[in-house]
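Fold and contact review
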Amino acid sequence: MRIHLIAVGNRMPEWVNTAYGEFAGRLPPESRLHLLEIPPGRRGKGADPARAVAEEGERMLAALPKNPYVIALEVEGKAWSSETLAQQFASWQQDGRDVALLVGGPDGLAAACRARADIQWSLSPLTLPHRLVRIVVAEQLYRAWTLLHGHPYHRA
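Please read all numbers here as calculations on a predicted model, not as lab measurements.

Another aspect to go through is the sheet that holds strand β5 (residues 119–122). If you trace the five strands from one edge of the open sheet to the other, you get β2-β1-β4-β3-β5, paired in parallel fashion. Two strands close off the open sheet at either side, each with one partner strand: β2 (33–38) and β5. Within the sheet, the average angular offset between the axes of one strand and its neighbour, ignoring direction, is 30 degrees. Where strand β1 (residues 3–8) and strand β4 (residues 99–103) come together, five bridges link them in parallel fashion.

The structure is reproduced here in structure tokens:
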């Protein structure tokens, strides 16, 4: 199983890349987290934010691997405890398909991405900056993996 984090945004600050890399790098090769950055749509004076989001969604859907289990990161999605995420992680491994996690940009995730998703996952009822989401996802996936393997990282 490969895990693909397909996220809108490129040219992240170094602190984002460092923190993301710290946790993504801890996952073993058979559960490696692969980041694919989608260039953001044009925003600014005179630009239509809805069009930018739709274009981002088209690029995200085109980047999906063949026959993945798709998870949209959405504030309205299901909230999981770390233990529940670990159970989900185990289920993904047993399914054998690639997993694709979709993270929208500053104006959210395209409706087409939400429609394509098999499930929606909420990291928090708070709206998180899209830069921070990729770090939280990497850390939580690593935490889920440690729970499944009896690693002492999770001490709740």
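The structure having been displayed, the exposition proceeds.
Glancing now at the side chain of Q140. One can find Q140 in helix α5 (residues 130–148). Since its relative accessible area comes to 19%, Q140 is described here as buried. Not counting residues within four places of it along the chain, the set of residues in contact with Q140 comprises S82 and L85.

Bringing the packing of aromatic side chains into the picture now. The tally for this structure, following the rule as stated, stands at five aromatic pairs. Each ring, one from F89 and one from W92, has its centre 6.1 Å from the other, and the planes form 45 degrees; the classification is tilted. Here the residue F89 and the residue W92 both occupy positions in helix α3 (residues 82–95), the gap between them amounting to three residues, near one helical turn. You'll find F89 and W92 in the same group, each marked buried. Aromatic pair Y142 and W145: ring centres 6.3 Å apart, planes at 20 degrees, arrangement stacked. Of this pair, Y142 and W145 both sit in helix α5, separated by three residues, roughly a single helical turn. Given the relative accessible area of 6%, Y142 is considered buried. Through a chain of ring-to-ring contacts, three or more aromatic side chains come together here, namely W80, F89, W92 and W121.

What counts as what
Residues numbered from 1 in each chain as written. Predicted model: local features only at pLDDT ≥ 70, side-chain atom pairs only at ≥ 80, totals over all residues. Heavy atoms only, no water. Pairing = 2+ DSSP bridges. Helix = DSSP H or I, 4+ residues; strand = E, 2+ residues; numbered from the N terminus. Axes fitted to C-alpha atoms, helices over the stretch in contact; angles between N-to-C directions. Buried < 20%, exposed > 50% of the residue type's maximum accessible area, 1.4 Å probe, protein only. Contact = heavy atoms within 4.5 Å. Phe/Tyr/Trp six-rings, centres within 6.5 Å; stacked < 30°, edge-to-face > 60°.

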